[in-house]
Amino acid sequence: MRRVFFSFDWDDVWRVNQVRNSWVTKGHQIAGFVDAAEMETLKRQTGKEIKKWIDAQMKGTSVTCILIGSKTDESKWVKYEIEKSIEQKKGLLGILIHNIKDDKGKIDRRGANLLKDHNGTNFGENVKNALLGGGAGWGLARLVFPQLLIPATIFGAALAVLMPNDDDYRIYDWVEDDGYNNLSNWIEEAAKQVGR
């Protein structure tokens, strides 16, 4: 059974608890959740103390699940948790939670993908970038075979679109992708992606 760290912005706690409760009722282990009183205590602590708390919560987890609300991308602590997860080679995935109804029955706007800056590039993207940018490995080829530049660049662009990158972190929508029934599979896939 995987132990998972859930990362989220406190403003989304109502939606986050929908995900949390589905995970707990199925007997899974979680980390990173606090109640309102603990959160108020954390908010009064220094940045160093908050980092220490986050580090302790992440200890022993194999996957970090980013619960993405409308303003999660503004949270410096979520960004810190993503960086720590990558540094510690944890599985990482994102779940959009904006379609979960809040306590007033309303949905929210979709949040930004915080994981996009951490995704790798695939072979096709590398070919296209090397040819267009004159990468070290392709500079001589551009001079010797200039007539191949356009077709090779088009080929590289096509490969970039058609070939999914195994290093990309997956993003799911809790509502549209049936998170209640699929969360365990998503977490397992994220763990396997990094060899855990």
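As a reminder, the structure under discussion sits directly above these lines.
Treat the numbers as computed from the prediction; the structure is a model and nothing was measured. (Residues numbered from 1 in each chain as written. Predicted model: local features only at pLDDT ≥ 70, side-chain atom pairs only at ≥ 80, totals over all residues. Heavy atoms only, no water.)

## Quick look at unusual backbone geometry
For step 1, the next point in the chain: Of note in this structure, Lys 89 is not a glycine but carries a positive phi near 55°.
For step 2, the next point in the chain: Looking at the element boundaries, Lys 89 is found in the loop between helix H4 (76-87) and strand S4 (91-96).
For step 3, the next point in the chain: Positive phi is not limited to glycine here, since Asp 178 has a value of about 55°.
For step 4, the next point in the chain: Summarising the element assignment, Asp 178 is placed in the loop between strand S5 (171-173) and helix H8 (179-193). (Helix = DSSP H or I, 4+ residues; strand = E, 2+ residues; numbered from the N terminus.)

## Observations concerning the packing of aromatic side chains
For step 1, the next point in the chain: Scanning the entire structure with this criterion turns up 3 aromatic pairs.
For step 2, the next point in the chain: Between the aromatic rings of Tyr 172 and Trp 186, the centroid separation amounts to 4.1 Å while the plane-to-plane angle is 5°, which identifies the pairing as stacked. Taken together, the positions of Tyr 172 in strand S5 and Trp 186 in helix H8 put the pair 14 residues apart, joining distant regions of the chain. Grouping residues by exposure puts Tyr 172 and Trp 186 together as buried. (Phe/Tyr/Trp six-rings, centres within 6.5 Å; stacked < 30°, edge-to-face > 60°. Buried < 20%, exposed > 50% of the residue type's maximum accessible area, 1.4 Å probe, protein only.)

## Digging into the environment of Gly 91
For step 1, the next point in the chain: Along the chain, Gly 91 turns up in strand S4.
For step 2, the next point in the chain: In contact with Gly 91, other than residues within four places in its own chain, are Ser 62, Val 63, Thr 64, Ala 190, Ala 191, Val 194 and Arg 196. (Contact = heavy atoms within 4.5 Å.)

## Looking at the packing of helix H1 (residues 13-25) against H8
For step 1, the next point in the chain: With their axes 10 Å apart at the nearest point, H1 and H8 run at an angle of 75° to one another. Here H1 is positioned roughly perpendicular relative to H8, judged by the angle of their axes. Note on element contacts: H8 touches H1 through Tyr 180, Leu 183, Ser 184 and Ile 187, opposite Val 19, Ser 22, Trp 23 and Thr 25.
For step 2, the next point in the chain: Among the residues making up the contact of H1 with H8, the classes are represented as 5 nonpolar, 3 polar and no charged. (Axes fitted to C-alpha atoms, helices over the stretch in contact; angles between N-to-C directions. Parallel < 35°, antiparallel > 145°, perpendicular 65-115°, else oblique. Nonpolar A, V, L, I, M, F, W, Y, C, P; charged D, E, K, R; others polar.)

## Some remarks on the pattern of salt bridges
For step 1, the next point in the chain: For the coordinates displayed, the defined rule picks out 3 salt bridges.
For step 2, the next point in the chain: Between Arg 15 and Asp 102 there is a salt bridge, with the nearest N and O atoms lying 4.0 Å from each other. Residue Arg 15 is found in helix H1, and its partner Asp 102 is found in the loop between S4 and helix H5 (123-133); the two are separated by 87 residues along the sequence.
For step 3, the next point in the chain: The class for Arg 15 is buried, based on a relative accessible area of 7%. (Salt bridge = Lys/Arg side-chain N within 4 Å of Asp/Glu carboxyl O.)

## Remarks on the nonpolar core
For step 1, the next point in the chain: The biggest cluster of nonpolar side chains holds 20 residues, and the ones touching the most others in it are Phe 6, Val 19, Leu 67, Leu 93, Ile 95 and Leu 183.
For step 2, the next point in the chain: Among the secondary structure elements, those contributing two or more residues to this core are strand S1 (3-7), H1, strand S3 (63-68), S4 and H8.
For step 3, the next point in the chain: A per-element tally of this core places H8 first, with 5 residues.
For step 4, the next point in the chain: Once you skip the residues sitting within four places of it in the chain, Ile 95 turns out to touch Cys 65, Ile 66, Leu 67, Ile 68, Tyr 172, Trp 174, Leu 183 and Trp 186.
For step 5, the next point in the chain: Listed in part, the 9 residues of the second largest apolar core include Ile 68, Val 78, Leu 114 and Tyr 169. (Core = buried A, V, L, I, M, F, W, Y, C linked by side-chain atoms within 4.5 Å.)

## Observations regarding H8
In an α-helix, one turn spans 3.6 residues; hence positions three or four apart end up facing the same way.
For step 1, the next point in the chain: Taken together, the buried positions of H8 are occupied by Gly 179, Leu 183, Trp 186, Ile 187, Ala 190 and Ala 191.
For step 2, the next point in the chain: On its buried face, H8 is in contact with S1, H1, S3, S4 and S5.
For step 3, the next point in the chain: After H8 finishes, the residue Gly 195 shows a positive phi value of roughly 75°.

Honestly, that's just the spatial picture; any functional story needs more than this.
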